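Chain residues, written in single-letter form:
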Amino acid sequence: METRNSSGLDQFCSVLVERPGLTLLDLAGANQSTMGFLTNLGHRVYSDDFLLQMDRCFGDGDFYENQADPQKMAQFLDAALDYPAQHFDGALVWDTLEFLSGPLLENVVGRLSNMLRPGSYMLALFHAEERAETIPTYSYRIQDRKTITLAPRGRRRPAQFFNNRSLERLFSDFESVKFFLTRDHLREVIVRR
Amino acid sequence: MSSVPNRPTESFEATRTGNAVLGKSAVVKGQILSREDLTIDGEVEGTIEMQEHRLTVGLSGKVRANVKAREVIVLGTLHGNVETGDRIDIRKEAKLVGDIRTARIVIEDGAYFKGNVDIVRAEVPKPAGAPPAASAPRPVPAPASPATSSPAMAAGAGEVKR
């Protein structure tokens, strides 16, 4: 397993250490490291494995063609993002948005925006290596407020690559978007609801 | 003679002795109240209450119930909310869908969990003659350290405010 420093995580965590008792969403799949870190700070954690949910809904056949099927899309949104409005004080979506195409991506970002309380933060990661056909996927785990552990989960073809402008468009409903460019082709994005 | 490593499944087997066991072919629908540790290898649907004892959902166990127990170990499948006074242990290949209220949680790699985790800190009993809680100093969260640029970071960060 690799580890990497993360300024995005550091910024996300700055709120967490100031205000205990928050309700947080982690879409990396449950793991001891993140669970221990967040609950030790006194927060509630809602955990799900978003990539696994995607595979369950869209994995049988062409992954991206299936995402355009309205019935499967509705099924996925109900299974993976059926939360009340303004339920969360923060969300860790990691790199999951890269594997959502077109209308589904817009729907997911819309739901995330709806689920987050105003003023809360969301951390997302995007690969910046535009020529890559497939990109590595990981289970992201918080080691400490500045360090992420990456447990490999194979490689996947992303739905699309994002640049700063397309990310601004994607998160246009949010109050602010902050980018951290890294040397390892991973763009860290903190958006404020 | 070499010592045998204390693997999770082995320690699980060892602790089964003396427990009540619902076997693989057992199917129970309704309310279970237990005054001893219980292992479920079959199917249960309903509610389970055993607040002073340990519930183990075995590898072949399928439980669809809200559970209140002192300790819960999940090796199989559990759908339902879980409340433990002590700890919950979600083992590799276990599947748990539901909300958890517990003092401690252990999640092994490979376990699937979907739900909310609410850690309830056990209250430390006050010694006789201790001052009232209101006068005790409240724990202060560690201050946020100033943002520093990590070695992995390139020159800049950009921000768009609306």
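Just so you know, these numbers come straight off a predicted model, no measurement behind them. (Residues numbered from 1 in each chain as written. Chains lettered and ligands numbered in written order. Predicted model: local features only at pLDDT ≥ 70, side-chain atom pairs only at ≥ 80, totals over all residues. Heavy atoms only, no water.)

Observations regarding the overall build of chain A
Item 1. For chain A, the helix and strand inventory stands at 7 helices and 9 strands.
Item 2. For 193 residues, the compact-globule estimate of 2.2 N^0.38 gives 16 Å, and the C-alpha radius of gyration of chain A, at 16 Å, lies within 12% of that figure.
Item 3. Dimensions of chain A along its principal axes, counting C-alpha atoms only, are 45 × 35 × 30 Å.
Item 4. Taken over 193 residues, chain A has a buried fraction of 59%.
Item 5. A separation threshold of at least 6 residues defines the contact pool for chain A, and within that pool the share at least 24 residues apart is 68%.
Item 6. Put simply, chain A shows about 7,800 Å² of open surface, and 43% of that area lies on carbon and sulfur atoms.
Item 7. Averaged over its 22 positive side-chain charges, chain A has a centre that lies 5 Å from the centre of its 26 negative ones. (Helix = DSSP H or I, 4+ residues; strand = E, 2+ residues; numbered from the N terminus. Rg over C-alpha atoms; globule rule 2.2 N^0.38 Å. Buried < 20%, exposed > 50% of the residue type's maximum accessible area, 1.4 Å probe, protein only. Contact = heavy atoms within 4.5 Å. Areas by Shrake-Rupley, 256 points an atom, 1.4 Å probe, with all protein chains shown as cover. Lys, Arg positive; Asp, Glu negative; His and termini not counted. Charge placed at Lys NZ, Arg CZ, Asp CG, Glu CD.)

Overview of the overall build of chain B
Item 1. In terms of regular secondary structure, chain B is built from 1 helix and 12 strands.
Item 2. From first element to last, N terminus to C terminus, chain B shows the α and β order α-β-β-β-β-β-β-β-β-β-β-β-β.
Item 3. For chain B, the residues scored as buried account for 36% of the 162 residues in total.
Item 4. A separation threshold of at least 6 residues defines the contact pool for chain B, and within that pool the share at least 24 residues apart is 5%.
Item 5. Total accessible area on chain B stands at roughly 9,800 Å², and carbon and sulfur atoms take up 53% of it.

Observations concerning helix H2 (residues 32-40) of chain A
Item 1. Residues of H2(A) that are buried include every one of Thr34(A), Met35(A), Gly36(A), Phe37(A), Leu38(A) and Thr39(A), and no others.
Item 2. Directly beyond the C-terminal end of H2(A), a positive phi value near 90° is found at Gly42(A).

Focus: the packing of helix H5 (residues 70-80) of chain A against helix H6 (residues 102-115) of chain A
Residue and element names in this part refer to chain A.
Item 1. At a closest axis distance of 11 Å, the pairing of H5 and H6 adopts a crossing angle of 25°. Regarding the angle of H5 to H6, the classification is roughly parallel. In this structure, H5 crosses over H6, and the sense of that crossing is right-handed. On H6, the residues that touch Met 73, Phe 76, Leu 77 and Asp 78 of H5 are Pro 103, Leu 104, Asn 107, Val 108 and Arg 111.
Item 2. Per-class residue counts for the contact of H5 with H6 are 6 nonpolar, 1 polar and 2 charged. (Axes fitted to C-alpha atoms, helices over the stretch in contact; angles between N-to-C directions. Parallel < 35°, antiparallel > 145°, perpendicular 65-115°, else oblique. Left-handed = near helix turned anticlockwise from the far one by under 90°. Nonpolar A, V, L, I, M, F, W, Y, C, P; charged D, E, K, R; others polar.)

Quick look at the confidence of the model for chain A
Item 1. For chain A, mean pLDDT is 92; residues scoring 70 or higher make up 100% of the total.
Item 2. Taken element by element, the predicted model of chain A shows its lowest mean pLDDT in strand E8 (residues 176-182) of chain A (88) and its highest in strand E4 (residues 88-94) of chain A (97). (pLDDT = per-residue confidence, 0-100.)

Some details on the layout of surface pockets
Residues and elements named next belong to chain A.
Item 1. Computed from the structure, the second largest pocket encloses a volume of approximately 240 Å³.
Item 2. Together, 13 residues line the second largest pocket, and Leu 105, Glu 106, Ser 166, Arg 169 and Leu 170 are the ones closest to its centre.
Item 3. Breaking the lining of the second largest pocket down by element, the ones donating at least two residues are H6 and helix H7 (164-170). (1 Å grid on protein atoms, 1.4 Å probe; cavity = no way out; pocket = protein on both sides within 12 Å on 5 of 7 lines; lining within 4 Å. Points joined across faces, edges and corners; volume = space filled by probe spheres on them.)

Side note on the packing of helix H3 (residues 50-58) of chain A against H5(A)
Residues and elements named next belong to chain A.
Item 1. The contact between H3 and H5 brings their axes to 10 Å, and the two run at 150°. Taken together, H3 and H5 sit at an angle that is classed as roughly antiparallel. For the element pair H3 and H5, the recorded crossing hand is right-handed. The residues of H5 that touch H3, namely those facing Phe 50, Gln 53, Met 54, Cys 57 and Phe 58, are Lys 72, Met 73, Gln 75, Phe 76, Ala 79 and Ala 80.
Item 2. The residue inventory of the contact of H3 with H5, partitioned by class, reads 8 nonpolar, 2 polar and 1 charged.

Side note on the pattern of salt bridges
Item 1. Taken as a whole and assessed by the stated rule, the structure comprises 16 salt bridges over all chains.
Item 2. One salt bridge connects Arg111(A) with Asp78(A), and the closest N-O pair in it is separated by 3.9 Å. Here Arg111(A), found in helix H6, pairs with Asp78(A), found in helix H5; they are 33 residues apart in sequence, far enough to count as distant.
Item 3. On the basis of relative accessibility, which here comes to 26%, the residue Arg111(A) falls in the partly exposed class.
Item 4. For Asp78(A), a relative accessible area of 47% gives the class partly exposed.
Item 5. In this structure, Arg192(A) engages Glu175(A) in a salt bridge whose closest nitrogen and oxygen atoms are separated by 3.1 Å. In this pair, Arg192(A) is assigned in strand E9 (residues 186-192) and Glu175(A) in the loop between H7 and E8, connecting sequence segments 17 residues apart.
Item 6. Taking the relative accessible area as the measure of exposure, Arg192(A) reaches 26% and is therefore partly exposed.
Item 7. Take Glu175(A): its relative accessible area is 39%, and that puts it in the partly exposed class.
Item 8. Ionic contacts of the salt-bridge type, sharing partners, join the residues Arg44(A), Arg101(B) and Asp118(B) into one network. (Salt bridge = Lys/Arg side-chain N within 4 Å of Asp/Glu carboxyl O.)

Things to note about unusual backbone geometry
Item 1. A positive phi angle, near 55°, is found at Trp94(A), a position not held by glycine.
Item 2. Its place among the elements puts Trp94(A) in strand E4.
Item 3. For Trp94(A), a relative accessible area of 1% gives the class buried.
Item 4. For Glu93(B), which is not glycine, the phi torsion reads 70° and is therefore positive.
Item 5. Mapped onto the elements of the fold, Glu93(B) is located in the loop between strand E7 (82-90) and strand E8 (95-97).

Remarks on the side chain of Thr137(A)
Item 1. Considering the arrangement of structural elements, one finds Thr137(A) in strand E6 (residues 135-144).
Item 2. Not counting chain neighbours up to four residues away, the residues in contact with Thr137(A) comprise Leu51(A), Asp95(A), Phe99(A), Ala151(A), Pro152(A), Arg153(A), Gly154(A), Arg155(A) and Arg156(A).

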